[in-house]
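Listed below are the residues making up each chain.
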Amino acid sequence: MDLALSPDQVEIQRAVREACARFGDQYWREVDERLAYPDEFVRAMTEQGWLGILIPEQYGGGGLGMTEAAIVLEEINRSGGNGTACHAQMYTMGTVLRHGSEDQKRRYLPAIASGELRLQAFGVTEPDAGSDTTKISTLAVRRGDAYVVNGQKVFTSRVENSDLMLLLARTSPVPERVEDRTQGLSVFLVDLRDARGHFEYQRMDIMFNHHTYQCFFNDLEVPAENLVGEEGRGFRYIIDGWNAERILIASEAIGDGHWFVERAARYSSDRELFGRKVGSNQGVQFPIAQAHAQVEAASLVRYQAAALFDADQPCGAQANMAKLLASQASWAAANACITAHGGYGFAREYDVERKFRETKLFEIAPVSNNLVLAYLGQRVLGMPRSY
Ligand SMILES: Cc1cc2nc3c(=O)[nH]c(=O)nc-3n(C[C@H](O)[C@H](O)[C@H](O)COP(=O)(O)OP(=O)(O)OC[C@H]3O[C@@H](n4cnc5c(N)ncnc54)[C@H](O)[C@@H]3O)c2cc1C
């Protein structure tokens, strides 16, 4: 079993680290204060091809795997940046790649790979159907050559920074039998540029600089040719994308975890009180060391999940465990870091409070850790279902 990165992967890590170094603490702090989208950073990542690396070469992408994508996102967050601004451009297209028609792949994937088209909005969550995805009520009704969509989504991220949205909508009523409840949902590629007058959105005011929106669909016509795969099988298609998403989100959390550990170790090794370095006190040092061990352990599970994914092997258990462990590790590191900084942990100029707000997300979205534990208990360990 080879646990080391290959020379090519090390080179990717080095190149992304170098690219991110242009966008330092000052850049991210200022973007955070303005609640702005990090356009310049996302442009740089796009131009260097990092956001298209999961797209096969035949469609103009980098043709690389999940391990390489994981390295890219880890490095973005490890540099102090925030990959959530652009991560969905990397993986949302996976649904089209796996389940779209050849025509859809040819039409969209090369333009997504080049950044000419941005597919980084993903509309699943609704006000009355959060974790319970099969209960969504946004409706798409077939009329002639189009589907007419009505409904509401919440927490749909990057709508203003996307040309296309991957939308999950109901195309037939909620089945009565529980075992059929994953049926009747369909996935559409919605061109937001054509949606004016029938699609409205409002930015949600949340605790960190993330561009997420409430969206309202009012008789929006989506051409039938934009249905991805078969009508009614959309929930399965969305699930197929979850493992990739969990591995990549875990990678961002791992990047954050390393950032917190590095900052905490550095600051507490410099600051002197009571005639010795703050970091020599076990009450400060041990939580940092503990978090470091947690981050490293989560990283190994994440690479195992990525390797299985790349080998087309089942990886649901590993992808879910990676997301769980990485989000817990980054949160432990965040707490150790803020403790090590004392009052300065709250001062914006140290960036710790910003990363602290950002990293909490990984315990909740794209799936909350309780649901991950339920998956592990029920699907992996075969224990009784809670829902
Ligand atoms: C910043 C941000 C960006 C997001 N971006 C997107 C996006 O782009 N697209 C999108 O579709 N969604 C997005 N989401 C939504 C995200 O996926 C949901 O918030 C998440 O799935 C949880 O759903 P919910 O918020 O409705 O919580 P709920 O489902 O209401 O859950 C509330 C709490 O109850 C717990 N819970 C619920 N059911 C159970 C159970 N059976 N057992 C144990 N515990 C349970 C959950 O763990 C959670 O802690 C985003 C969310 C945030 C905060």
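Up top you'll find the structure we're talking about.
Not measured: the values here are computed from a predicted model.

A. Local environment of the pairing of strand β4 (residues 164–170). Among the seven residues of β4, seven are classified as buried, and the element is accordingly described as predominantly covered. Side-chain alternation along β4 places Leu164, Leu166, Leu168 and Arg170 on one buried face and Met165, Leu167 and Ala169 on a second face that is also buried. In this structure, strand β1 (residues 119–123) lies alongside β4, joined through four bridges in parallel fashion. Within the sheet, the bridge partner assigned to Phe122 lies in β4 and is Leu166. Pairing geometry for β4 and strand β5 (residues 185–191), over seven bridges, is antiparallel.

B. Structural detail: the packing of aromatic side chains. In total, this model carries 13 aromatic pairs according to the counting rule given. Centroid distance Phe23 to Tyr27: 5.0 Å. Interplanar angle 70 degrees. Geometry classified as edge-to-face. Classification of Tyr27 by relative accessible area gives buried; the value is 16%. Pairing Tyr344 with Tyr350 gives two aromatic rings, centres 5.5 Å apart and planes at 55 degrees, and the pair type is tilted. Under the relative-accessibility criterion, Tyr350 is labelled partly exposed at 27%. Grouped by ring-pair contacts, the aromatic residues Phe23, Tyr27, Trp28 and Phe41 constitute a single cluster. Residue placement shows Lys355 over the ring face of Trp259; its charged tip is 5.7 Å from the ring centre. Between the NZ or CZ atom of Arg385 and the centre of the ring of Tyr387, over which it lies, the distance is 5.2 Å.

C. Here's a closer look at the packing of helix α4 (residues 66–78) against helix α9 (residues 282–310). As a packed pair, α4 and α9 sit with axes 8 Å apart at the nearest point and diverge in direction by 145 degrees. Residues Met66, Thr67, Glu68, Ala70, Ile71 and Glu74 of α4 form the contact with α9, whose participating residues are Arg302, Tyr303, Ala306, Ala307, Phe309 and Asp310. Partitioned by chemical class, the residues of the contact of α4 with α9 number seven nonpolar, one polar and four charged.

D. Here's a closer look at the site of the ligand. The environment of the ligand is made up of 19 residues, and the closest members are Phe122, Thr125, Ser131, Phe155 and Ser368. Within the contact set of the ligand, a nitrogen atom lies 2.7 Å away from a side-chain nitrogen or oxygen of Thr125. Ser157 is positioned with one of its side-chain polar atoms (N or O) 2.8 Å from a nitrogen atom of the ligand. Look at the ligand: alone it shows 970 Å² of surface, and the protein chains cover 67% of it. When residues of the shell around the ligand are traced back to their parent elements, those giving at least two are β3 (146–157), α12 (361–364) and α13 (369–380). The element contributing the most residues to the shell around the ligand is β3, with three residues. Along the lines of polarity and charge, the residues of the shell around the ligand split into ten nonpolar, nine polar and no charged.

E. Up close: the environment of Leu185. Mapped onto the fold, Leu185 is located in strand β5. For Leu185, a relative accessible area of 0% puts it in the buried group.

F. How the structure looks around the nonpolar core. Core analysis: the biggest nonpolar cluster contains 73 residues, and Phe41 and Ile76 have the highest contact counts within it. The element best represented in this core is helix α8 (residues 234–270), accounting for ten residues. Excluding residues within four positions of it along the chain, Ile76 makes contact with Val16, Cys20, Phe41, Met45, Gly81, Asn82, Gly83 and Cys86. Ala140, Val159, Met165 and Leu227 belong to the second largest nonpolar core, which has 20 residues in total.

G. View of helix α3 (residues 39–47). Every buried residue belonging to α3 is among Phe41, Val42, Ala44 and Met45, and all of these are buried. Down the axis, α3 shows its buried residues gathered within 160 degrees of arc, on one side only. On its buried face, α3 is in contact with α1 (7–21), α2 (25–34) and α4. Phi turns positive one or two residues past the end of α3, at Gly49, with a value near 85 degrees.

H. View of the pattern of salt bridges. The full count for this structure, using the stated rule, is 24 salt bridges. Salt-bridge contacts for Glu262 lead to Arg78; the nearest nitrogen and oxygen are separated by 2.5 Å. Placement of the pair is Glu262 in helix α8 and Arg78 in helix α4, with a sequence separation of 184 residues. Exposure remark for Glu262: the relative accessible area of 33% places this residue in the partly exposed category. A salt bridge links Glu363 to Lys360; the nearest nitrogen and oxygen atoms lie 2.5 Å apart.

I. Summary view of empty space enclosed by the protein. Here the structure, examined in full by the defined rule, presents two cavities of 30 Å³ or more. There is about 130 Å³ of room inside the largest cavity. Around the largest cavity, the lining is made up of 15 residues, and of these Trp28, Pro38, Asn82, Ala85 and Asn209 lie nearest the centre. Elements represented by at least two residues in the lining of the largest cavity include exactly α2 and α11 (352–359).

Basis of the calculations
- Residues numbered from 1 in each chain as written.
- Predicted model: local features only at pLDDT ≥ 70, side-chain atom pairs only at ≥ 80, totals over all residues.
- Heavy atoms only, no water.
- Buried < 20%, exposed > 50% of the residue type's maximum accessible area, 1.4 Å probe, protein only.
- Helix = DSSP H or I, 4+ residues; strand = E, 2+ residues; numbered from the N terminus.
- Pairing = 2+ DSSP bridges.
- Phe/Tyr/Trp six-rings, centres within 6.5 Å; stacked < 30°, edge-to-face > 60°.
- Lys NZ or Arg CZ within 6 Å of the ring centre and 35° of its normal.
- Axes fitted to C-alpha atoms, helices over the stretch in contact; angles between N-to-C directions.
- Contact = heavy atoms within 4.5 Å.
- Nonpolar A, V, L, I, M, F, W, Y, C, P; charged D, E, K, R; others polar.
- Near = heavy atom within 4 Å.
- Polar contact = N/O pair within 3.5 Å; in protein donor to acceptor, adjacent residues only side chain to side chain.
- Areas by Shrake-Rupley, 256 points an atom, 1.4 Å probe, with all protein chains shown as cover.
- Core = buried A, V, L, I, M, F, W, Y, C linked by side-chain atoms within 4.5 Å.
- Arc of directions from axis to C-beta.
- Salt bridge = Lys/Arg side-chain N within 4 Å of Asp/Glu carboxyl O.
- 1 Å grid on protein atoms, 1.4 Å probe; cavity = no way out; pocket = protein on both sides within 12 Å on 5 of 7 lines; lining within 4 Å.
- Points joined across faces, edges and corners; volume = space filled by probe spheres on them.

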